[in-house]
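Coordinate inspection notes
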Amino acid sequence: MKRIVVLGAGFAGLWSAIGAARKLEELRVSRDEVEVVVINKYPFHNIRVRNYEEHLEETIVPLSEVLNPIGVRWIEGDVSDIDLDGKAVVIETSTGRTSQSYDRLVFALGSKLVRPPIKGLGSYAFDVDTYQGAKRLEAHLAGLASSHAPGRYTALVIGAGLTGVEIAAELPARLRKLAGGDAADVKVILADRTPLIAQEMGEAQPVIEHAMAALEVELRPSFFLREIDEQGAILTSGERIFASTVIWCGGMRAHPMTELFSVIHDKQGRLPVDSFLRVKGVADVFAAGDAASLLIDGRHETMMSCQHGRPMGRFAGHNVVCDLLGLEMLPLQVDWYTTVLDLGPWGAVYTWGWDRQLAAEGMTAKRVKQRINCERIYPPRNGSKADIFEAARAEIDAPPKLANLGKSRRAQTDTAVESVD
Ligand SMILES: Cc1cc2nc3c(=O)[nH]c(=O)nc-3n(C[C@H](O)[C@H](O)[C@H](O)COP(=O)(O)OP(=O)(O)OC[C@H]3O[C@@H](n4cnc5c(N)ncnc54)[C@H](O)[C@@H]3O)c2cc1C
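The paragraphs below set out a description of the structure included in this document. Computed from a predicted model, the values in this text were never measured in an experiment.

This part is about the overall build of the chain. Counting secondary structure elements, the chain contains 10 helices and 24 strands. Relative to the compact-globule value of 22 Å for 421 residues, the chain shows a C-alpha radius of gyration of 22 Å, a close match. With the C-alpha coordinates of the chain rotated into their principal frame, the extents come out at 65 × 55 × 40 Å. When burial is assessed residue by residue, the chain has 55% of its 421 residues classed as buried. A fraction of 66% describes how many contacts in the chain between residues 6 or more apart in sequence connect residues 24 or more apart. Carbon and sulfur atoms provide 49% of the accessible area of the chain, an area that totals close to 17,700 Å². Looking at the chain, you have 48 positive and 55 negative side-chain charges, and the mean spots of the two groups are 1 Å apart.

Rendered as structure tokens:
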């Protein structure tokens, strides 16, 4: 029997595994001939893009719900090593250390929040990078009512990338609800060392500033952090900000186990892959999602995003089966890119293209965001093998053309949402 092992069950890993199982089914290859095994730290798929939201229970999809109906075996365990020559992975499970051999490997362990060696960051800062991080923040916020600290209802979000903007936009309403009669004390600050908040956001940047003003989020560009302690943050200028809640959103870096590969990693530590998702220069290993870097349209590298992670997963799954069985593989190419950023109760902002041209904003864009976050990126949860396989086809939706987007923003959005992955 041959074995395909998929490491990770995030957007890339889950869809790789389903894509592989779908292709095997299409080829009528039985599981006695080729099995697909997923190894994931937790028994669930986390809709990580929603970890900034309030209702975290909705971000969890049990692996059993999706993988059992399609006959994919999964192991709950922590991958601690990979023997690339011996073709085996080492796994720490609740019952001890074990190993799993493979004929083909898909590396999809994702990314982790970058944590620079800033004093107090590890001990006092919160994050929304993982489900566990988001739960810890939730518990902390719930305990604020019994605190007497100065800055009890002040939240300082450091890092104004996409994640920082999304959590900062959520917090005013969330904190006011928790504060009740003390809602006047609520203060949310979004800080970044860049001279402009969200400066990478192209035409969406002024929209973000406008939304933050409406939400009463204070913006602190050119913010240079020295340390974090239990009372808040201290800047390099010596200024102290009293804030019971400091949330660190300082960017993502590929999983540290990418360092096991003797390849030229990119700036974010990612593995270089070719258009078939094979790790360049490493036999029998594919990679997808945040751990991999692909020139997605021949010019631009993939973003660490589920927008790219999901199709990378579907194609990696399809191709790993074809490679194993000596069949022709499918190259992945996507020549469009969008950004849909949640701006809390104000709405959202939606841009087209790598230069981020404004397509829609406010509640129109919010409907798109909700449809993506709450429906489109979920695997079917009805236990239907046919539906699960259908969702994992190695296909890309045709991109909407800007010229065809219609006159009203509503029309733009409706056209666009059909094509957004
Ligand atoms: C708050 C937030 C908001 C975001 N918003 C957006 C957005 O709006 N749009 C967008 O496109 N992207 C967004 N992203 C980015 C997106 O979530 C990631 O790009 C995406 O999750 C990457 O998918 P992945 O499968 O590569 O990695 P992950 O989703 O991180 O999955 C990796 C998996 O590997 C498992 N794992 C890790 N280490 C081990 C180990 N040693 N052993 C076993 N298992 C392990 C993890 O438990 C996880 O299941 C957001 C991210 C965050 C944190």
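All right, on to the site of the ligand then. Residues in close proximity to the ligand total 28 residues, the closest being Asn40, Val79, Asp290, Cys306 and Lys369. One of the side-chain nitrogen or oxygen atoms of Arg48 is found 2.8 Å away from an oxygen atom of the ligand. One of the backbone nitrogen or oxygen atoms of Gln307 is found 3.2 Å away from an oxygen atom of the ligand. Contact with the protein chains hides 90% of the accessible area of the ligand, taken as 990 Å² for the molecule alone.

With that settled, consider the pattern of salt bridges. Tallying each qualifying case throughout the model produces 30 salt bridges. Across the pair Arg73 and Glu35 runs a salt bridge whose closest N-O atoms are separated by 3.0 Å. Linking Arg73 in strand β5 (residues 73–76) with Glu35 in strand β2 (residues 34–40), this pair joins segments that are 38 residues apart in sequence. What makes Arg73 partly exposed here is its relative accessible area of 35%. A salt bridge links Glu390 to Arg393, with the shortest nitrogen-to-oxygen separation between them at 3.2 Å. For Glu390, a relative accessible area of 48% corresponds to the partly exposed category.

Next up on the list: the sheet that holds strand β14 (residues 225–229). Strand pairs in the sheet, formed through backbone hydrogen bonds, run parallel or antiparallel to each other. The three strands are arranged β14-β15-β16 in an open sheet whose pairing can be described as antiparallel. Each of the sheet's edge strands pairs with one partner strand only, and the pair in question is β14 and β16 (240–242). Geometrically, the sheet is characterised by an average inter-axis angle of 20 degrees between neighbouring strands, direction not taken into account. Two elements, strand β15 (residues 232–235) and β16, share three bridges in a ladder whose sense is antiparallel. Counted as the bridge partner of Gly232 is Phe242 from β16.

Within the structure shown, the criterion is met by zero disulfides. For the unlinked cysteine Cys306, the closest cysteine sulfur is that of Cys374, found at 12 Å. For Cys306, a relative accessible area of 13% gives the class buried.

It is worth spelling out the pairing of β2 at this point. Among the seven residues in β2, seven count as buried, and that is most of the element. The alternating pattern of β2 places Val34, Val36, Val38 and Asn40 and Glu35, Val37 and Ile39 on opposite faces, both of which are buried. As defined by bridge partners, strand β1 (residues 2–7) adjoins β2 across six bridges and the pair is classed as parallel. Opposite Leu7, over in β2, you have Ile39 as the bridge partner. For β2 and β5, the ladder comprises four bridges, and the chain directions are parallel. Note that in β5 the partner of Ile39 across the bridge is Ile75.

Cut-off values and rules
Residues numbered from 1 in each chain as written. Predicted model: local features only at pLDDT ≥ 70, side-chain atom pairs only at ≥ 80, totals over all residues. Heavy atoms only, no water. Helix = DSSP H or I, 4+ residues; strand = E, 2+ residues; numbered from the N terminus. Rg over C-alpha atoms; globule rule 2.2 N^0.38 Å. Buried < 20%, exposed > 50% of the residue type's maximum accessible area, 1.4 Å probe, protein only. Contact = heavy atoms within 4.5 Å. Areas by Shrake-Rupley, 256 points an atom, 1.4 Å probe, with all protein chains shown as cover. Lys, Arg positive; Asp, Glu negative; His and termini not counted. Charge placed at Lys NZ, Arg CZ, Asp CG, Glu CD. Near = heavy atom within 4 Å. Polar contact = N/O pair within 3.5 Å; in protein donor to acceptor, adjacent residues only side chain to side chain. Salt bridge = Lys/Arg side-chain N within 4 Å of Asp/Glu carboxyl O. Pairing = 2+ DSSP bridges. Axes fitted to C-alpha atoms, helices over the stretch in contact; angles between N-to-C directions. Disulfide = S-S within 2.5 Å.

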